[in-house]
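Coordinate analysis (summary)
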Amino acid sequence: HTDAGKIPSGTEGLIVSLFSLGAMLTAFPPVSSYFLDSWGRKASIMIGSVIFIVGSAIQALAWGTTQLLIGRFVAGMSIGLLSSVIVLYQSEVAPASM
């Protein structure tokens, strides 16, 4: 069978888009500001990093499409949070002369 191991294009699109949806969800200001206000900058970066490791582990250990999709969404959530938090943290720790 020549199609063995191929992913349908609809499923492939879902795998790619769930990462972006997860990122948009946590980059949304009410969500990212919760982490920033409740946990602070450094702790939010650590939380985002742990979430990324969990999402990566879910993807690496996936034995089915559903588990892979969940892992992509979780990893995307971490990128959304980190994209919001790291920019603020860098602006706060950069010297004023820059």
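Quick look at the structure, then.

Thresholds, definitions, all that
- Residues numbered from 1 in each chain as written.
- Predicted model: local features only at pLDDT ≥ 70, side-chain atom pairs only at ≥ 80, totals over all residues.
- Heavy atoms only, no water.
- Phe/Tyr/Trp six-rings, centres within 6.5 Å; stacked < 30°, edge-to-face > 60°.
- Buried < 20%, exposed > 50% of the residue type's maximum accessible area, 1.4 Å probe, protein only.
- Axes fitted to C-alpha atoms, helices over the stretch in contact; angles between N-to-C directions.
- Helix = DSSP H or I, 4+ residues; strand = E, 2+ residues; numbered from the N terminus.
- Contact = heavy atoms within 4.5 Å.
- Nonpolar A, V, L, I, M, F, W, Y, C, P; charged D, E, K, R; others polar.
- Salt bridge = Lys/Arg side-chain N within 4 Å of Asp/Glu carboxyl O.

In this section: the packing of aromatic side chains. Applying the stated rule across the entire model yields one aromatic pair. Ring geometry for Tyr34 against Phe35: centres 5.4 Å apart, planes inclined by 75°, an arrangement best described as edge-to-face. The buried category is assigned to Phe35, whose relative accessible area is 18%.

As a further point, take the packing of helix α1 (residues 9–27) against helix α2 (residues 29–39). Closest axis-to-axis distance for the α1/α2 pair is 5 Å, and the angle between their directions is 65°. Counting all contacts with α1, which are made through Leu25, Thr26 and Ala27, the residues of α2 involved are Pro29, Val31 and Ser32. For the contact of α1 with α2, a count of residues per class yields four nonpolar, two polar and no charged.

Another point: the pattern of salt bridges. The final tally for this structure, using the stated rule, is one salt bridge. One salt bridge in this structure joins Glu92 and Arg41, with 2.9 Å as the shortest N-O distance. In this pair, Glu92 sits in helix α4 (residues 65–93) while Arg41 sits in helix α3 (residues 41–60), placing the two residues 51 residues apart along the sequence. Given a relative accessible area of 47%, Glu92 falls into the partly exposed group.

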